[in-house]
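Chain by chain, the residues run as shown.
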Amino acid sequence: MKRRDFFKYGSLLSLFGLGSSSSAWALDLAEPLASKKKRAKNIIFMVSDGMSTGTLNMADLYLQRQFGQGSNWLNLYRNNLVTRGLMDMASASSIVTDSSAASSSWGCGQRVKNGVLNVDANGNELTTIWQKFKNGGKKAGCVTSVPVTHATPAGFCISATSRNTQEEIAQKYLVMGMDLLLGGGDKFFNPEKRSDKQDMYKKYHNAGYQIVKNRTELSGSVSGKPLLGTFGDDALPYWLDHKTDTELENSVPTLAAMTAVAIDHLKGSKEGFVLQIEGGKVDWAAHANDIGGLLFDQLAFDEAIKVAIDFAAKDKETLVIICTDHGNANPGLIYGSQVNENFDNLHKFQKTNDWILQSILPTHTTADIQQRIFNANGFEISTEEAQKLLGFYTGLQAEEAGLYNYKNLPFSALADIQKKRTSVGWISMNHSGDFVEIAMYGPGSHLHKPFIKNTELHTLMLKACGVG
Ligand SMILES: [Zn+2]
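Summarised in this report is the structure supplied together with it. (Residues numbered from 1 in each chain as written. Predicted model: local features only at pLDDT ≥ 70, side-chain atom pairs only at ≥ 80, totals over all residues. Heavy atoms only, no water.)

1. What about the coordination of the zinc ion?
- Within the first shell, the zinc ion binds the protein through Asp49 (OD), Ser99 (OG), Asp325 (OD) and His326 (NE2), at distances of 1.9 to 2.3 Å.
- Angles of 95 to 121 degrees at the metal separate the 4 donor atoms of the zinc ion, which places the site in the tetrahedral class.
- Sequence spacing of the donor residues for the zinc ion, all on one chain, is D-x49-S-x225-D-H. Highlighted residues: Ser99 in helix α6 (residues 99-108) and His326 in the loop between β8 (318-323) and β9 (327-328), separated in sequence by 227 residues. Accessibility classification places Ser99 together with His326 in one group, the buried group. (Donors = N, O, S within 2.8 Å, 3.2 Å for Na, K, Ca; no water. Tetrahedral: all angles 85-135°; square planar, octahedral: opposite > 155°, others 65-115°. Helix = DSSP H or I, 4+ residues; strand = E, 2+ residues; numbered from the N terminus. Buried < 20%, exposed > 50% of the residue type's maximum accessible area, 1.4 Å probe, protein only.)

2. Details of a nonpolar patch on the surface
- Together, Leu86, Phe435 and Phe451 line one region of the surface with nonpolar side chains, adding up to about 270 Å² of accessible area.
- Of note, Leu86 is situated in strand β2 (residues 83-88). (Patch = residues over 30% accessible without salt bridge, like charges linked within 9 Å, V, L, I, M, F, W, Y side chains within 5 Å. Areas by Shrake-Rupley, 256 points an atom, 1.4 Å probe, with all protein chains shown as cover. Salt bridge = Lys/Arg side-chain N within 4 Å of Asp/Glu carboxyl O.)

3. Things to note about helix α22 (residues 456-464)
- For α22, the full list of buried residues reads Leu457, His458, Leu460, Met461, Leu462 and Ala464.
- Backbone geometry just downstream of α22 places Gly466 in the positive-phi region, at approximately 65 degrees.

4. Describing the pattern of salt bridges
- In total, this model carries 16 salt bridges according to the counting rule given.
- Because the salt bridges share partners, they merge into one network encompassing Asp186, Lys193 and Asp233.

5. So, the nonpolar core
- Counting residues in each nonpolar core, the largest one holds 83 residues, and the members touching the most others are Ile44, Met46, Trp73, Val143, Leu182, Leu275 and Val320.
- Here this core takes 15 residues from helix α16 (residues 291-315), the largest share from any one element.
- Built from parts of two domains, this core gets at least three residues from each of domain 1 (29-331 + 430-465) and domain 2 (347-425).
- In this view, Ile44 contacts Ile263, Phe273, Leu275, Ile277, Ala308, Phe311, Thr318, Leu319, Val320 and Ile321; residues no more than four positions away in its chain are not counted.
- Core analysis: the next-biggest nonpolar cluster, separate from the first, contains 47 residues, Phe188, Met200, Tyr209 and Met440 among them. (Core = buried A, V, L, I, M, F, W, Y, C linked by side-chain atoms within 4.5 Å. Domains from an automatic or database assignment. Contact = heavy atoms within 4.5 Å.)

6. A word on the environment of Leu227
- Relative to the elements of secondary structure, Leu227 occurs in strand β6 (residues 227-230).
- Between the alpha carbons of Leu227 and Leu181 there is a distance of 6.3 Å; along the sequence they are 46 residues apart.
- Those residues in contact with Leu227 that lie beyond four places of it in its chain are Asp179, Leu180, Leu181, Leu182, Tyr209, Gln210, Val212, Leu218, Ser221, Val261 and His265.

Laid out in structure tokens, this is it:
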């Protein structure tokens, strides 16, 4: 399929997160046991960051109720096409991990402290999984909906004592010779935004990279040359806000579209390729108890699963690993007489809570806020509820207290208001210590066990490819 077609095709179906009928799709994917035991040439490692089981469940339920078809992820289960298990994600410093320790456990095969990237307790920098595969001649790439320098992609590639050194991480990727980086994070490459004023784009360009910054440029990029693409200052927009805004739709590629381009770019590599795909904002939405952000970014990730599995089914030399790095906020549907109708309200959602709360002004009235919520969510809230939200904005100069810093915005208050109309509840606004979902498709998937420790995934990937 020509790349341009994918963008056209992708976005039509992406509106509802589905390809051809999922069950029919799943049936063509069956593969004989023998091929599962073959050596893998490529690995596509997919992470929906901060996806609790409830998030996976609600995404599938939403698609079933709206379109009569389950999610691509769970249809792989329904059709018994993957090996599946649970994974213990604890880090060296806590039974509840953060994303950098989680990614490092897979990245270097050891547990490190939360906030650290592939550095052990003695301060030794450890060789990462993508470095090992590059040393073996494979091409390496990372695709994400958050900055390409963020914890999860960085955890497969480089070492750093702190995940927050994103400007340095941008430099380390260049030294490492990453073959492909697509996602957000312009501010870590752009001389006008970097604290050291260095022009990282120029450095990448001088090193032979193609630099792209929007959908059109991405679709014009050519395989065979390293590629750096940044499509947002920090993270990419939430998919719900993206698909209801023509300008964003025209300029920012979806996670599935970036996945297709990445595979296209890397598949020609003689020694094979390794590619990480991250749905990074599932985690951000969970931290904000933002059900619109969470559900639709999980659906965007589910779309990328179809792209990866479709490729692997044809290629037959690609191991696809699908997982999350930790639970977050553990959302779920609450028993009640209206739960079905309430959950179906999500179909009317047009905008995320992030969009709603970032757009409210201290000068707005309760009526303005009621109208805004009606436009964004499709239901009415009371004047008292609107007053409660407005209370967070008034009496302070809008910018003064960093009002629009997400930590200060009334995400929890809005989630509470929505709970009565969606039946979705949350246990907190932070990571949880649940054992997490992991599934594998393709050669090497027979190595997977029903319960594994996070660090085992490092050796499993090497073994699946017969490396080391
Ligand atoms: Zn995470």
